[in-house]
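Remarks on the overall topology
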Amino acid sequence: MSVLDEKSVFTSLNQNGPLRVLDSVDLRGQFTPQVKAWVADLRKSKLHVTKYRALRGQIFEFLHISRYRDIESLLADPEARADCSFRASTLLGNMFGIQGSAADIKSRVHEYSRTADAVISFLKSRIFSPYSSHVAITNEVEIATDPVDLLLLYFDDRYHKKARFEAQRKLALMSLAGSIDQRERETGIEEKFALFLDFLNDYVWSRNQKIGGHDIVYLVSYHDNPDYYCSEVKIIPRQEAASISLEKGVKLTLLKRRRFTVGNREIPIYVSIRKKPPEAKVLKLLRKNEKNPAVAVDDELGLMAVLNSTADVKTFQKHLTQSATRADSFMILEDISDTLTGGCYQGNSIGSSSKTPMLKFFARLGGMRVEFIIHTNQSWVNYMYQRDVAHDEYEVKRIFDSGVAELLFPQDIYFLNHQAVRDNMIRLSRQNIEDSWRWSKNGSG
């Protein structure tokens, strides 16, 4: 279900729906033709009426008022506004289970504000980089961190429609950030991440290599197919990279590899270990049309690995299970998907390609559930560069095809044709991938 559908959990942000931000605000409740038209539009859906009533009740309770007209006094009285903010801070602290003093709660809520801004900053610098001036946040909204200030800004007719929408959007993103923070504290994700790293260093990686040490190699891959599929890949030492003559269809990719020991063999493996930052989790909740991180964010801990062959992949999988046993934990593999040796990947994420070969599973061990995505050298360079498969393309598609781009940057406010922006960003990502040989001839990859 798209985030723009009637049953979306983010109805209040949908500028195509009845709860959209209007050009002006009338707190005196005058039944103007504009208000009459809005009420008629709202009544077309009983679900929307129910959502509006719930939202209105939350606003009144949060601001401690009984009618919209009471907001005028809060806008005009700084002391009443400060009292409202103090009360609201306590309510939010209890809702999100934040322990500590009023200052502790305020600090935590400010973190939610920074996460909300980070979501927009990420999209501005990546997905919308050529359009950064279009999607820049209004200064007054960007510096605001108090939820009461943001909510009152939304009802202040002195502010432009764009600023009032961004205040509402920031509140919605802060709420998601708060739910994510609560989930992380409940599950102890920080402690689990540290334990996972300790497990890898103590039981999985070779003792003949210092922690954090790497063997640096390069992959030389040849992409002479119409869809930029890798037809051949070779491993070369770091010292030879500068002598490689790059030309169109040839890519040079750096790998910093660790090692693990099986018998008398030292097997190289490139590893990228991640803990999703809060802004990435917020975006995932939006894409999944879900407000509960326990349901939508199942890959908080993850490991991406690249090995030389499918035989090495199978060896690593077995080594991983045996390492867990040595650490006194049974390991089970869940939700296994293996397309390294053929078949189509049946991803359930919007924008994902069925042509993505990988071994993907979740490993449950030591009280943790960790997502593993494992590639061979060839599947890895395809994951990086192949048309309709490359991660940079996927990142663009999932933001636009899920409706998140339109939800966060509606056309009537930001004046962007999202289909044109999507197509242009995919074209630019392909150009960056396929033409990079022109500027990477120094062997930097």
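In this report, we go over the structure that sits alongside the text. (Residues numbered from 1 in each chain as written. Predicted model: local features only at pLDDT ≥ 70, side-chain atom pairs only at ≥ 80, totals over all residues. Heavy atoms only, no water.)

Quick look at the overall build of the chain
Of the regular secondary structure elements, the chain holds 18 helices and eight strands. Judged by the C-alpha coordinates and their principal axes, the chain covers about 80 × 50 × 40 Å. When each of the 445 residues of the chain is scored for burial, the buried share is 49%. Restricting to contacts in the chain with at least 6 residues of sequence separation, those with at least 24 account for 71%. For the chain, the distance from the average site of its 62 positive side-chain charges to the average site of its 56 negative ones is 2 Å. (Helix = DSSP H or I, 4+ residues; strand = E, 2+ residues; numbered from the N terminus. Buried < 20%, exposed > 50% of the residue type's maximum accessible area, 1.4 Å probe, protein only. Contact = heavy atoms within 4.5 Å. Lys, Arg positive; Asp, Glu negative; His and termini not counted. Charge placed at Lys NZ, Arg CZ, Asp CG, Glu CD.)

A few points about the pattern of salt bridges
Scanning all chains against the criterion turns up 32 salt bridges. The salt bridge involving Lys-162 is made with Glu-166; its shortest N-O contact spans 2.7 Å. Placement of the pair is Lys-162 and Glu-166 together in helix H9 (residues 161–187), with a separation of four residues, close to one helical turn. Residue Glu-166 is classed as buried on the basis of its relative accessible area, which comes to 1%. Here Glu-434 ties to Arg-430 by a salt bridge, and the two come within 2.8 Å at their closest N and O atoms. With Glu-434 and Arg-430 both in helix H18 (residues 418–434), this residue pair falls four residues apart, about one helical turn. The two residues Glu-434 and Arg-430 agree in class, both being buried. Salt bridges here are not isolated pairs; linked through shared partners, they connect Glu-184, Glu-190, Lys-275 and Lys-281. (Salt bridge = Lys/Arg side-chain N within 4 Å of Asp/Glu carboxyl O.)

Focus: the environment of Val-220
You can see Val-220 is positioned in strand E1 (residues 215–222). Owing to a relative accessible area of 1%, Val-220 belongs among the buried residues under this scheme. Taking the C-alpha atoms as reference points, Val-220 and Asn-377, 157 residues apart in sequence, are found 9.9 Å from one another.

Concerning the side chain of Ser-329
Considering the arrangement of structural elements, one finds Ser-329 in the loop between helix H13 (310–326) and strand E6 (332–338). Side-chain polar atoms of Ser-329 contact the backbone nitrogen of Gly-366, separated by 2.9 Å. (Polar contact = N/O pair within 3.5 Å; in protein donor to acceptor, adjacent residues only side chain to side chain.)

A few points about unusual backbone geometry
The phi angle at Tyr-228 is positive, at roughly 65°, despite the residue not being glycine. Topologically, Tyr-228 is positioned in the loop between E1 and strand E2 (232–237). Here Tyr-228 falls in the buried class, since its relative accessible area comes to 5%. One non-glycine residue, Asp-328, lies in positive phi territory at about 65°. Summarising the element assignment, Asp-328 is placed in the loop between H13 and E6.

As for the packing of helix H5 (residues 102–125) against H9
Contact geometry of H5 with H9 gives a least axis separation of 8 Å together with a crossing angle of 115°. Crossing of H5 over H9 shows right-handed handedness. Only Arg-169, Lys-170, Leu-173, Met-174, Ala-177, Gly-178, Asp-181 and Arg-185 of H9 make contact with H5, whose side of the interface consists of Arg-108, Val-109, Tyr-112, Ser-113, Thr-115, Ala-116, Asp-117, Val-119 and Ile-120. Among the residues making up the contact of H5 with H9, the classes are represented as eight nonpolar, three polar and six charged. (Axes fitted to C-alpha atoms, helices over the stretch in contact; angles between N-to-C directions. Left-handed = near helix turned anticlockwise from the far one by under 90°. Nonpolar A, V, L, I, M, F, W, Y, C, P; charged D, E, K, R; others polar.)

Details of the pairing of strand E7 (residues 359–365)
When you tally the buried positions in E7, you get five out of seven residues, the bulk of the element. The sheet contact formed by E6 and E7 spans five bridges and is antiparallel. Bridging across to E7, Leu-333 finds its partner in Ala-363. Pairing between E7 and strand E8 (residues 368–376): seven bridges, direction antiparallel. Residue Phe-362 lies in a different strand from E8, and its bridge partner there is Glu-371. If you look at the hairpin formed by E7 and E8, you'll find two residues sitting between the two strands, and Gly-366 has a positive phi there, around 50°. (Pairing = 2+ DSSP bridges.)

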